[in-house]
Amino acid sequence: MCGCMHSTEDQALHLEGEPNPSAAATSTLAPRTMPRSISISKQLASIKALRKGSDLEKAIATAAMIFRNFSDPDGKLGKATAKNLLQTQFRNFTEGQETKPRYKDLLSELDEHTENKLDFEDFMILLLSITVMSDLLQNIWSVKIMP
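Position numbers for residues start from 1 in each chain and track the written sequence from start to end. Residue-level local features of this predicted model are given only where pLDDT is at least 70; pairs of side-chain atoms are given and counted only at 80 or more, and the full residue set underlies all totals for whole chains, interfaces and linings. Only hydrogens and water are removed before side-chain values are computed, so all heavy atoms of the structure are retained for them.

On to the overall build of the chain. Numbering of helices and strands starts at the N terminus; helices are DSSP runs of H or I of at least 4 residues and strands are runs of E of at least 2. The helix and strand inventory of the chain stands at eight helices and two strands. The helix and strand sequence of the chain, counted from the amino end, reads α-α-α-β-α-α-α-β-α-α. Only protein chains enter the accessibility calculation, which uses a 1.4 Å probe; a residue is then buried when its area is under 20% of its type maximum, exposed when over 50%, and partly exposed in between. Counting only residues that meet the buried cut, the chain has 33% of its 147 residues in that class. Here, residues are in contact when the closest pair of their heavy atoms is within 4.5 Å. Residue pairs in contact within the chain that sit at least 24 positions apart in sequence constitute 61% of those at least 6 positions apart. To be clear on the numbers: accessible area is Shrake-Rupley with a 1.4 Å probe, and residue cover counts the displayed protein chains and nothing else. Roughly 9800 Å² of accessible area belongs to the chain as shown, and the carbon and sulfur atoms make up 58% of that amount.

What makes a salt bridge here is a side-chain nitrogen of Lys or Arg within 4 Å of a carboxyl oxygen of Asp or Glu, nothing more. Within the structure shown, the criterion is met by two salt bridges. One salt bridge connects D135 with K100, and the closest N-O pair in it is separated by 2.7 Å. Here D135 is found in helix α8 (residues 135-141), whereas its partner K100 is found in the loop between α5 (91-94) and α6 (101-112), with 35 residues between them in sequence.

Ring geometry is summarised as follows: Phe, Tyr and Trp rings, the Trp one being its six-membered ring, pair when their centres sit within 6.5 Å, and such pairs are stacked at plane angles under 30 degrees, edge-to-face over 60 and tilted between the two. Considering all chains together, one arrives at three aromatic pairs under this definition. Measuring from ring centre to ring centre gives 5.3 Å for F67 and F120, while their planes differ by 70°; the resulting arrangement is edge-to-face. Note that F67 is positioned in helix α3 (residues 55-70) and F120 in helix α7 (residues 120-133), a separation of 53 residues in sequence. When the ring of F67 is compared with that of F123, the centres are 5.5 Å apart and the planes differ by 40°; the resulting orientation is tilted. Of this pair, F67 sits in helix α3 while F123 is found in helix α7, placing the two residues 56 residues apart along the sequence. A network of ring pairs unites the aromatic residues F67, F120 and F123 as a single cluster.

Once that is clear, we can look at the packing of α6 against α7. Angular values range over 0 to 180 degrees, each being the angle between N-to-C directions of two axes fitted as lines to C-alpha atoms, with helices fitted over their stretch in contact. At a closest axis distance of 10 Å, the pairing of α6 and α7 adopts a crossing angle of 170°. In terms of axis orientation, α6 runs roughly antiparallel to α7. Together, R102, Y103, L106 and L110 of α6 and L126, S129, I130 and M133 of α7 make up the contact between the two elements. For this classification, the nonpolar set comprises Ala, Val, Leu, Ile, Met, Phe, Trp, Tyr, Cys and Pro, the charged set comprises Asp, Glu, Lys and Arg, and every other residue, Gly included, is treated as polar. Of the residues assigned to the contact of α6 with α7, the class counts are six nonpolar, one polar and one charged. Comment on the angle field: the value is read as roughly parallel under 35 degrees, roughly antiparallel over 145, roughly perpendicular from 65 to 115, and oblique elsewhere.

Let us look at the environment of I40. Mapped onto the secondary structure, I40 falls in helix α2 (residues 40-45). According to the relative accessible area criterion, I40 is partly exposed, its value standing at 23%. Apart from the residues within four sequence positions on either side, I40 is in contact with T62, M65, I66 and N69.

The analysis is restricted to geometry; functional conclusions fall outside its scope.
Structure below.
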């Protein structure tokens, strides 16, 4: 959609003590070669700028890291993978939405997506759209923040 590209600085980030596997990458969207067995928290800890990051920055970085871990070499996420991530990594937000027309429309749009793959922007829009309509968000709004 917006044509956003990962920065050169992003490409240079790598795990401390590990060689930079993206140095020879042909696409600026190519994910780093990082085994999925390394936890997201350890992957995030390897990014210097996030060590003192806010909760919001870490939340967005976590979504970005999950996207990159599951995306293809072109930085795109297949529809089946996106649906699987919704079911496994976002189930508390999708739970109870299956019968709602807006949720069905979102999944239909995903099925009809012409490229058959989602870029990061499309993925984040999907997550935010589901979040806004979720029952969980209503529960979050009802939590008292001050006594």
